[in-house]
Amino acid sequence: MTSPVSLTIAGDIAVIEVSHPPVNALSQVVRAGLADCVSRAAETEDVQAIVIYGAGRTFIAGADIREFGKPALEPYLPEVINKIEATAKPVVIALHGTALGGGLEVALGGHYRVALSSARFGLPEVTLGLLPGAGGTQRLPRLAPVDKALAMITTGRQIDAKQALELGIIDRVADGDDVRTAGIDFAREVIAQGKGVRPTSALACHAADAQVFDAARAKLAQSARGQIAPQKCVDAIQGAVTLPFAKGLAQERALFQDLMRSDQRVALIHAFFSERQVGKLPQIQGVRARELATVGVVGGGTMGAGIAVSALLAGLRVTLAERDEDALERAGTTVSKLLMGSVKRNKLSQDQYDAIMASGFKSTTDYADFTNADVVIEAVFENMEVKKEVFARLDAICKPGAILASNTSYLDVNAIAAMTSRPEDVIGLHFFSPAHVMKLLEVVVADKTSPEVVATGFALAKVLRKVAVRSGVCDGFIGNRILSYYRKALDGAVMAGASPFDVDRALVNFGLAMGPFAVGDLAGLDIGWATRKRLAPTRDPREAYAEFSDRLCEMGRFGRKTGRGFYIYEDGKSAPDPQVDEIIVAERAAKKIDARTISDQEIVDRYMAAMVNEAARVVEEGIALRPLDVDVVFLNGYGYPRWRGGPMHYADTVGLDKILNDIKAFAAEDDFLWKPAPLLQRLVAKGETFASLNP
Ligand code: 3H9
């Protein structure tokens, strides 16, 4: 097998190229190839400087994540990098694309670094539950100030070439777009100026006192609640400041290996690969997406305006329709406000904002303005009759081949498609609020939706920088269907004795971004109320229906937007409302329920058992293609802690038999709600996991 790393001698310069598509990850063959080429270059008599660069779209994007969890193979990366650094001839690293993780560590092990202006740099190991384990925590603070190194390593955030230059991480930003030439030119100068080697490990580390590290730990205890890796990153960087290089490096290695064995690392890598797997659907392999340049949005409420902004920020042209001029004006104001938010956060320049408002964004009361749209997304009130009417009108006006999409969060997309003469062009595109921020897009595939339209839904998600998950049609699709079920289980916990505030606290401690009752307040309690009223006629009389949420809605308490829901919202703060407890106590009394103490652990167990049970049904029915699709939905749309990998991965981690036993135990209290899903029972009987159903 030819090595992915090659050496060419060009006069007095040795050029080492890493060519290991798609992202030049540091697989064993790359590490071995690098070590070998560096040795040979060093031994070649005429060579006076060595250049290392990456072929294709990027420099090295890190260690090969697919090797993690398997026995480590020699040569190990830290040794390869030490070897590069110890080379007696100057080594110039030429950078383009994304130099990430082990890739940036290779660069830090070189003596000089030159980058194209488009290059980006980062140490994203922490996002995989790790820390840079090949010298990154030791060499970075020898080049960049400690606070900057801490920020980069503990968040994994990337910086651009200009910032890298300012921080001292690189020596030059080169003109042009030829990285090989940039490296060779720099090497020529090094030789001409007789610069010699400059090992990073020999530089003095930037100074910082213990308080800097204590403050970083305290901050991360809040911002990265529950996570181990960020804290270990701080420990490793502190080692760079307080220990000699070799000792600091050894400590970094030990911490790295501890993290490699952690459940959090396994969960985060499951999340990484699941997000890349989720779009790989047999149905759309090789299918070309349709053109997407012009987007129509029907409805300018919170969702419609958010969807419009998401498309505008991605450079698409948007026409938004509302019923009348007043509604249109309100929608325009919302769009402009959201875009200005992006300007304030430096995500959009003022010029770009002006250009969008001048020509990218149009609003109208006339559907005739949709004649040229490639896709029209309906985001009107969640009412089937209204939606049907909208689709019939769109069908009459839109050009052939235009995609007609509904942002419904619960309703039957087949019934909506049936209102048109082109059901093959109809799809559900379920955005999550706020639509310009939330990463998740459920692509709801109806019975007649064509593969080309599905492929275009996924392509749109990519343009919008969202994670798309395919869902079949059912009430609530993947996410909201599972949510409805676990909300019933949590309502059950409240009826049994917990307060909504206990539930929220227990689940936030478990790692959720927000408790489910607080989320309800944020989304608006009227939304769930409308759904419950819609489903009331078909509700099974055996269901133990908790009424306290309805009571709040009847009082006009819809959550944040009315200042009261489960919580009271005043002066930008929220506090539990004792009146909510009174309402619940009254309902328990009416239903003759004796409240008991419910532990935080029981709340978590109920929440997880309910999620996993319904998710198993969702997978078995083919609503979600695989367990990983459920995980990606909850990680990107419901604030589920990424470091737990998603509900299905979590269930595998704690054991499916434990989940099944919990379900059976809860069934003693309510055997209507708690019926074990057949798929879960089968997996337990066979001793298998959800992971066995993932590709
Ligand atoms: C590390 O370096 C540890 C060291 O400190 C210490 C070691 C001792 N390995 O994302 P894409 C695959 S930890 C293996 O769709 P993009 C990916 O699965 C690592 N495979 O493309 C996909 O495969 P497929 C630190 C990898 O252009 C394909 O490449 N580094 C790796 O949107 C394309 O990926 C990171 O965490 C990898 N490292 O984005 C960087 N990376 O086609 C992780 C990617 O079969 N990677 N693949 O599905 C990224 O952030 C993005 O992939 C990148 C490209 C920005 C590079």
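Residues numbered from 1 in each chain as written. Predicted model: local features only at pLDDT ≥ 70, side-chain atom pairs only at ≥ 80, totals over all residues. Heavy atoms only, no water.

Let's talk about a positive patch on the surface
And step 1. Residues Arg-66, Lys-70, Arg-276 and Lys-280 make up a contiguous surface patch of positive charge.
And step 2. By the secondary structure assignment, Arg-276 is in helix H11 (residues 263-277). (Patch = residues over 30% accessible without salt bridge, like charges linked within 9 Å, V, L, I, M, F, W, Y side chains within 5 Å. Areas by Shrake-Rupley, 256 points an atom, 1.4 Å probe, with all protein chains shown as cover. Salt bridge = Lys/Arg side-chain N within 4 Å of Asp/Glu carboxyl O. Lys, Arg positive; Asp, Glu negative; His and termini not counted. Charge placed at Lys NZ, Arg CZ, Asp CG, Glu CD. Helix = DSSP H or I, 4+ residues; strand = E, 2+ residues; numbered from the N terminus.)

Thoughts on the domain arrangement of the protein
And step 1. According to the domain assignment, the protein consists of domain 1 (5-261), domain 2 (292-471) and domain 3 (479-693).
And step 2. Each of domain 2 and domain 3 has a C-alpha centre, and these two points are 30 Å apart.
And step 3. For the pairing of domain 2 and domain 3, the buried interface totals around 1,200 Å² over both sides, and the portion due to carbon and sulfur atoms is 59%.
And step 4. Where domain 2 touches domain 3, the interface holds zero salt bridges.
And step 5. Our enumeration of links across domain 2 and domain 3 arrives at four residue pairs in polar contact (both at pLDDT 80 or more).
And step 6. Looking at the side of domain 2 that touches domain 3, the elements that each hand over two or more residues are strand E16 (440-444) and strand E17 (467-471).
And step 7. The element contributing the most residues to the side of domain 2 that touches domain 3 is E17, with four residues.
And step 8. For the side of domain 2 that touches domain 3, a count of residues per class yields seven nonpolar, three polar and three charged. (Domains from an automatic or database assignment. Buried area = accessible area lost by both parts, 1.4 Å probe. Polar contact = N/O pair within 3.5 Å; in protein donor to acceptor, adjacent residues only side chain to side chain. Nonpolar A, V, L, I, M, F, W, Y, C, P; charged D, E, K, R; others polar.)

Observations concerning the pairing of strand E13 (residues 375-378)
And step 1. Both faces of E13 are covered, namely the face carrying Val-375 and Ile-377 and the face carrying Val-376 and Glu-378.
And step 2. The sheet contact formed by strand E10 (residues 294-298) and E13 spans four bridges and is parallel. Looking at E13, one finds that Val-298 is bridged to Glu-378.
And step 3. Note: E13 against strand E14 (residues 403-406), four bridges, orientation parallel. Bridge assignment links Val-375 to a residue of E14, and that residue is Ile-403.
And step 4. Since E13 and E14 lie parallel, the crossover through helix H15 (residues 384-397) that links them has a hand, and here it is right-handed. (Buried < 20%, exposed > 50% of the residue type's maximum accessible area, 1.4 Å probe, protein only. Pairing = 2+ DSSP bridges. Right-handed = clockwise from strand over helix to strand, strands pointing away.)

Quick notes on the sheet that holds strand E15 (residues 426-431)
And step 1. Strand order across the open sheet formed by eight strands is E12-E11-E10-E13-E14-E15-E16-E17, with mixed pairing between neighbours. Of all the strands in the sheet, just strand E12 (361-364) and E17 have a single pairing partner and so form its edges. The sheet shows a mean angle of 25° between the axes of neighbouring strands, direction not considered. (Axes fitted to C-alpha atoms, helices over the stretch in contact; angles between N-to-C directions.)

Regarding the sheet that holds strand E8 (residues 159-160)
The strands that make up a sheet are held in pairs by hydrogen bonds between backbone atoms, and each pair lies either parallel or antiparallel.
And step 1. The sheet built from three strands is open, its strands ordered E5-E7-E8 with mixed pairing. Sheet topology places strand E5 (98-100) and E8 at the edges, where each strand pairs with a single neighbour.
And step 2. Note: E5 against strand E7 (residues 120-122), three bridges, orientation parallel. Bridge pairing links Leu-100 to Gly-122 in E7.
And step 3. Relative to the sheet, helix H3 (residues 102-109) contacts E5 and E7, its axis offset from that of E5 by approximately 90°. (Contact = heavy atoms within 4.5 Å.)

As for the environment of Pro-124
And step 1. By secondary structure assignment, the location of Pro-124 is in the loop between E7 and helix H4 (136-143).
And step 2. Taking C-alpha positions, Pro-124 is 20 Å from Gln-277, a pair spaced 153 residues apart along the chain.
And step 3. The residues touching Pro-124, leaving out its near neighbours within four places in the chain, are Leu-100, Gly-101 and Gly-156.

Focus on the pairing of E17
Moving residue by residue along a regular strand, the side chains alternate between the two faces of the sheet.
And step 1. Of all five residues in E17, five are buried, a share of seventy percent or more.
And step 2. Across the two faces of E17 the burial is the same, with Val-467, Val-469 and Ser-471 and Ala-468 and Arg-470 all buried.
And step 3. Where E16 lies against E17, five bridges are found, and the strand directions are parallel. Residue Leu-441 lies in a different strand from E17, and its bridge partner there is Ala-468.
And step 4. The parallel pair E16 and E17, bridged by helix H17 (residues 451-463), forms a crossover whose chirality is right-handed.

A few points about the site of the ligand
And step 1. Residues in contact with the ligand amount to 27 residues; listed here are only the nearest, Arg-57, Glu-105, Glu-125, Arg-276 and Lys-280.
And step 2. Backbone polar atom of Gly-102 to an oxygen atom of the ligand: 2.8 Å apart, as the coordinates give it.
And step 3. One nitrogen or oxygen atom from the side chain of Arg-276 is found 2.7 Å from an oxygen atom belonging to the ligand.
And step 4. Across the complex, the protein chains shield 77% of the 1,000 Å² of accessible surface that the ligand would expose by itself.
And step 5. Among the elements of the structure, E5, H3, helix H10 (245-260) and H11 are those that each provide at least two residues to the shell around the ligand.
And step 6. Looking at the shell around the ligand element by element, the count peaks at three residues for H11.
And step 7. Taken together, the residues that form the shell around the ligand break down as 14 nonpolar, five polar and eight charged. (Near = heavy atom within 4 Å.)

Looking at the packing of helix H24 (residues 600-620) against helix H26 (residues 647-654)
And step 1. Look at H24 against H26: their axes get within 10 Å of each other, and the N-to-C directions meet at 115°. Comparing the axis directions of H24 and H26 gives the class roughly perpendicular. Between H24 and H26 lies a crossing of left-handed hand. Contacts between H24 and H26 pair Val-604, Met-608, Met-611, Val-612, Ala-615, Ala-616 and Val-619 from the former with Pro-647, Met-648, Tyr-650 and Ala-651 from the latter.
And step 2. Looking at the contact of H24 with H26 residue by residue, the classes come out as eleven nonpolar, no polar and no charged. (Parallel < 35°, antiparallel > 145°, perpendicular 65-115°, else oblique. Left-handed = near helix turned anticlockwise from the far one by under 90°.)

Considering the packing of aromatic side chains
And step 1. One pass over the structure, following the stated rule, counts 16 aromatic pairs.
And step 2. An angle of 70° between the planes, with centres 5.5 Å apart, marks the rings of Phe-432 and Tyr-638 as edge-to-face. Taken as a pair, Phe-432 in the loop between E15 and E16 and Tyr-638 in the loop between helix H25 (627-637) and H26 lie far apart in primary sequence, 206 residues in all.
And step 3. In this structure Tyr-638 comes out as buried when scored by relative accessible area, which is 16%.
And step 4. Ring centres 4.6 Å apart and planes at 35° place the aromatic pair Phe-634 and Tyr-638 in the tilted group. Each member of the pair Phe-634 and Tyr-638 is classed as buried.
And step 5. A connected cluster of aromatic rings, assembled from ring pairs, spans Phe-432, Tyr-486, Phe-510, Tyr-607, Phe-634, Tyr-638, Tyr-640 and Tyr-650.
And step 6. Its guanidinium or amino end placed over the ring of Tyr-367, Arg-393 lies 3.8 Å from that ring's centre, counting from NZ or CZ.
And step 7. Sitting over the ring of Phe-510, Arg-644 keeps its end group 4.0 Å from the ring centre. (Phe/Tyr/Trp six-rings, centres within 6.5 Å; stacked < 30°, edge-to-face > 60°. Lys NZ or Arg CZ within 6 Å of the ring centre and 35° of its normal.)

Notes on the nonpolar core
And step 1. Within the largest apolar cluster, 76 residues are counted, with the highest numbers of intra-cluster contacts made by Tyr-607, Tyr-640 and Phe-690.
And step 2. Here this core takes twelve residues from H24, the largest share from any one element.
And step 3. For this core, the domains that each give at least three residues are domain 2 (292-471) and domain 3 (479-693).
And step 4. Apart from residues no more than four positions distant in its own chain, Tyr-640 is found in contact with Phe-510, Leu-512, Tyr-607, Met-608, Met-611, Phe-634, Leu-635, Gly-646, Pro-647 and Tyr-650. (Core = buried A, V, L, I, M, F, W, Y, C linked by side-chain atoms within 4.5 Å.)

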